[in-house]
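Below, each chain spelled out in residue letters.
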Amino acid sequence: MKDEATFGRVLASLHEAALDPVRWPGFSAEVDEALGVHGGSLLFGDGESDDDARIGFQWTCTRGQRRQDLERLYYGTYYPLDERVPRLRHAPDGRLYHNAEVFTERERKTSPVHDFFSRSNGADALNVRLDGPRGSRILWFVHDPVDSDGWSSARLDSIRRLLPHIRQTVRVQVALGRAGTLGMTLENLLEVTTGLGVIQLDRRARIVAANGRARRLLRAGDVLFDTGGCLFAHTATANAELQGLLGRALPPFGTLGAGGTMIARRPSGPPPLVLHVIPVGGGETEPGAWPVAALVLVPDAGEGTDVDVGVVAAALPFTRAESQVAVLLARGMTVREVAAATGRKVSTVRSHVKHMFTKQGVSRQADLVRLVRSLAGVETAPRAPREPPGPSGAAL
């Protein structure tokens, strides 16, 4: 993008879209103008194979206009034929791919999907997959450049710079959607007392207001608390991360703010809390005139599901470590978030998941989550005999 002011406008429009998807075409228009491209598409879904893949939403826009005609045409006709889908499904998180890299040379000549993209200004579109919440995936496609310069390094760098903000936007939308609050006004968000904690902050990071669930969290004080009207996390490590997020979301006036997500662990162990920090508009032209400058959103990690680790360990042939991972996945965390919350490597968590798949004869995380959630409300059973440690003696 040409300069920081341009990137700031793009990011501000993305923050607005995070709270209300109706504003996504406005963000898309800013991207088209800043990058000089014909448009883009965002898909969100989950599933591990063609048989169980589900699309939560798909937005295709060109020059700020939502193209539902192209969305219907793609999903109804071309999606089942799209050779890219299984390849991108398992692509590394955040890596950019040109269409020439995800279609073979033969497919670029014979594929009806590639022909469709060519006719829709997407012959050389860029594709990127991002990890989403609860094992889901975010796919962002940026259509061809308008000029003949192609994908310059400056354009590619700008797209990479936007990726964490795209991921943050979808995470916030999913959290709001599950709580039934997506698109609500700031005032109406405060009426939410279950399922989503909402804390409103002013430009100095002071608490303006909080809804019922957020106030209960602050009173409990084991993860978050307030002192002198300011928000803090219980542990030094978590508080340093939280203050860093608040500092980025609420920089000095005239500086670009950015949202972010963190996981705050409880001193007594799981369940940890996921915190989404996001700037909101209103004070750009008149500092101090708009009382709310940022939101801290705390989704209900249990999502109405109370599953005890001890129950899982007793009811299923899982070790205590595997049961802890299973419960956190059932509460909506991704493998990476589980690893961050428990202080373990991602590879270790993935190994536990594979072991549980084998023990239960399943191959999808969704099946494992459903199995664990079926134990919701079961009283804690006597602890099963502890399994001996593996060769390394390590436990999660």
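Owing to the predicted nature of the structure, the values given are computational and were not obtained by experimental measurement. (Residues numbered from 1 in each chain as written. Predicted model: local features only at pLDDT ≥ 70, side-chain atom pairs only at ≥ 80, totals over all residues. Heavy atoms only, no water.)

## Overview of the overall build of the chain
To keep it simple, the criterion reads: The secondary structure listing takes helices from DSSP runs of H or I that are at least 4 residues long and strands from runs of E that are at least 2 residues long, numbered from the N terminus. Exposure is judged per residue with a 1.4 Å probe applied to protein chains only, and the accessible area is read against the type maximum: over 50% gives exposed, under 20% gives buried, and values in between give partly exposed. Should any heavy atoms of two residues lie within 4.5 Å, those residues are counted as being in contact.
Secondary structure summary: the chain contains 16 helices and 13 strands in total. Within the chain, the proportion of its 396 residues that are buried is 51%. Restricting the contact set of the chain to residue pairs at least 6 apart, pairs at least 24 apart contribute 58%.

## Overview of the nonpolar core
We count it as follows: In these notes, a set of buried Ala, Val, Leu, Ile, Met, Phe, Trp, Tyr and Cys residues joined through side-chain atoms within 4.5 Å is what counts as a nonpolar core.
With 32 residues, the main nonpolar core has W24, L42, W140, V142, I159 and I166 as its most contacted residues. Looking at this core, the elements with two or more residues in it are α1 (4-19), α2 (24-35), β1 (40-46), β2 (54-62), β5 (126-131), β6 (137-142) and α8 (153-178). Considering each element in turn, this core owes the most residues, 7 residues, to α8. When sequence neighbours within four positions are dropped, the list of residues in contact with I166 reads L14, W24, F27, L42, L130, I138 and W140. In this structure, A205, V277, A293 and A294 belong to the second largest nonpolar core, which totals 26 residues.

## Side note on the sheet that holds strand β7 (residues 196-201)
Consider a sheet: its strands pair through backbone hydrogen bonds, and that pairing is either parallel or antiparallel. The test is simple: Strand pairing is assigned whenever DSSP detects at least two bridges linking the two strands. Note on geometry: axes are lines fitted to C-alpha atoms, helical ones only across the stretch in contact, with angles between N-to-C directions running from 0 to 180 degrees.
One open sheet accounts for 5 strands, arranged β8-β7-β13-β12-β11; its pairing is antiparallel. Single-partner strands in this sheet number two, and they are β8 (207-210) and β11 (260-264). The mean inter-strand angle of the sheet, taken between neighbouring strand axes irrespective of direction, is 20°. Pairing of β11 with strand β12 (residues 273-279), which is carried by 5 bridges, proceeds in the antiparallel orientation. Bridging across to β12, I263 finds its partner in V274. Contacting β7, β11, β12 and β13 (294-299), α8 crosses the sheet at an angle of about 115° to β12. Of the strands in this sheet, β7, β8, β12 and β13 are in contact with helix α10 (residues 212-220), which crosses β7 at around 85°.

## Notes on the side chain of S41
For the record, the criterion: Polar contact criterion, stated in full: a pair of N or O atoms within 3.5 Å, where within protein one must be able to donate a hydrogen and the other to accept it, and residues adjacent in sequence count only if both atoms are side-chain atoms.
Secondary-structure assignment places S41 in strand β1. A polar contact is formed between the side chain of S41 and the side chain of T60, at a distance of 2.9 Å. Among the polar contacts listed, one links the side chain of S41 to the side chain of H143, at a separation of 3.4 Å. With residues up to four places along the chain from it excluded, the contact list for S41 reads W59, T60, L139, W140, F141 and H143.

## Considerations on the sheet that holds β6
The antiparallel open sheet is built from 6 strands, whose spatial order is β3-β2-β1-β6-β5-β4. At either margin of the open sheet sits one strand with a lone partner, and together these are β3 (65-66) and β4 (96-98). Alignment of β4 against β5, held across 3 bridges, turns out to be antiparallel. What sits directly across from H98, in β5, is L126. Those strands touched by α2 are β1, β2, β3 and β6, and its axis lies near 50° from that of β2. Where helix α3 (residues 68-78) meets the sheet, its contacts fall on β1, β2 and β3, and the angle it forms with β2 comes to roughly 140°.

## Remarks on the environment of L14
With respect to the secondary-structure elements, L14 resides in helix α1. A residue is classified by how much of its surface remains accessible, and L14, at 0% relative accessible area, is buried. Residues L14 and T169 lie 155 residues apart in sequence; the distance between their C-alpha atoms is 7.1 Å. Ignoring anything within four residues of it in the chain, the contact list for L14 reads W24, F27, H165, I166 and T169.

## Some details on the pattern of salt bridges
Stated precisely, the cut-off is as follows: Each salt bridge in this description consists of a side-chain nitrogen of Lys or Arg and a carboxyl oxygen of Asp or Glu lying within 4 Å of one another.
All told, the structure shown has 17 salt bridges when counted by the stated rule. K359 serves as the salt-bridge partner of E322, at 2.8 Å between the closest nitrogen and oxygen. On the criterion of sequence distance, the pair formed by E322 in helix α13 (residues 320-330) and K359 in helix α15 (residues 346-360) is long-range, its members being 37 residues apart. The buried category is assigned to E322, whose relative accessible area is 3%. Its relative accessible area of 34% is what places K359 among the partly exposed residues. Put simply, R129, D131 and R336 are held in one network by salt bridges that share partners.

## Some points on the packing of aromatic side chains
Which entries qualify depends on this criterion: What counts as a ring pair is set by centres within 6.5 Å for rings of Phe, Tyr and Trp (its six-membered ring), and what kind of pair is set by the plane angle: stacked under 30 degrees, edge-to-face over 60, tilted for all other angles. Charge-over-ring placement is defined geometrically: NZ (Lys) or CZ (Arg) within 6 Å of the ring centre, and within 35 degrees of the ring normal.
Within the structure shown, the criterion is met by 11 aromatic pairs. On the basis of an interplanar angle of 20° and a centroid distance of 5.4 Å, the ring pair of F44 and F57 is categorised as stacked. One end of the pair, F44, is in strand β1; the other, F57, is in strand β2, and 13 residues separate them in sequence. Here F44 matches F57 in class, with each residue buried. Seen from their ring centres, F116 and F117 are 5.6 Å apart, and the 45° between their planes marks the pair as tilted. Comparing F116 with F117, the two get one shared label, buried. Through successive ring pairs, a cluster of aromatic residues spans Y74, Y75, Y78, Y79, F103, F116 and F117. Between R84 and the ring centre of F141, over which it is positioned, the NZ or CZ distance is 4.4 Å.

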